[in-house]
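One letter stands for each residue in the lines below.
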Amino acid sequence: MTPLGLFGDLLQDPVFVGLLVALLAFVFFIYLFVRRTITGFQEGINKGQR
């Protein structure tokens, strides 16, 4: 069995697909949270320098 065949078998499992979707959503949420935190920090520094 090839690794691609094993991955194809895993995509048939609804539990694995659910965990994969949850993991991707969590990573996306963390990215947006960090991005918003950094941009807010930069805006605060810019307002403080005025």
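Rules and cut-offs
Residues numbered from 1 in each chain as written. Predicted model: local features only at pLDDT ≥ 70, side-chain atom pairs only at ≥ 80, totals over all residues. Heavy atoms only, no water. Helix = DSSP H or I, 4+ residues; strand = E, 2+ residues; numbered from the N terminus. Rg over C-alpha atoms; globule rule 2.2 N^0.38 Å. Buried < 20%, exposed > 50% of the residue type's maximum accessible area, 1.4 Å probe, protein only. Areas by Shrake-Rupley, 256 points an atom, 1.4 Å probe, with all protein chains shown as cover. Phe/Tyr/Trp six-rings, centres within 6.5 Å; stacked < 30°, edge-to-face > 60°. Patch = residues over 30% accessible without salt bridge, like charges linked within 9 Å, V, L, I, M, F, W, Y side chains within 5 Å. Salt bridge = Lys/Arg side-chain N within 4 Å of Asp/Glu carboxyl O.

Enquirer: Break down the overall build of the protein for me, with residues and values.
Expert: Per the secondary structure count, the protein includes 2 helices and 0 strands. What you see for the protein is a C-alpha radius of gyration of 20 Å, clearly larger than the 10 Å of a compact globule of 50 residues, by over 25%. Dimensions of the protein, computed from C-alpha atoms along their principal axes, come out at roughly 65 × 20 × 5 Å. The buried share of the protein, taken over its 50 residues, is 0%. Only carbon and sulfur atoms are counted for the fraction: they give 72% of the accessible area of the protein, which is about 4,700 Å².

Enquirer: Account for the packing of aromatic side chains, naming residues and giving values.
Expert: Inspection of the entire model under this criterion finds 1 aromatic pair. Between the aromatic rings of F29 and F33, the centroid separation amounts to 6.2 Å while the plane-to-plane angle is 20 degrees, which identifies the pairing as stacked. Here the residue F29 and the residue F33 both occupy positions in helix α2 (residues 14-49), the gap between them amounting to 4 residues, near one helical turn. When sorted by exposure, F29 lands in the same class as F33, which is exposed.

Enquirer: Give a detailed account of a nonpolar patch on the surface, specifying residues and quantitative values.
Expert: Residues L6, F7, L10, L11, V17, L20, V21 and L24 make up a contiguous nonpolar surface patch of roughly 650 Å² in combined accessible area. Position of F7 among the secondary structure elements: in helix α1 (residues 3-10).

Enquirer: Describe the environment of L10, with residues and values.
Expert: Assignment of secondary structure puts L10 in helix α1. Since its relative accessible area comes to 33%, L10 is described here as partly exposed.

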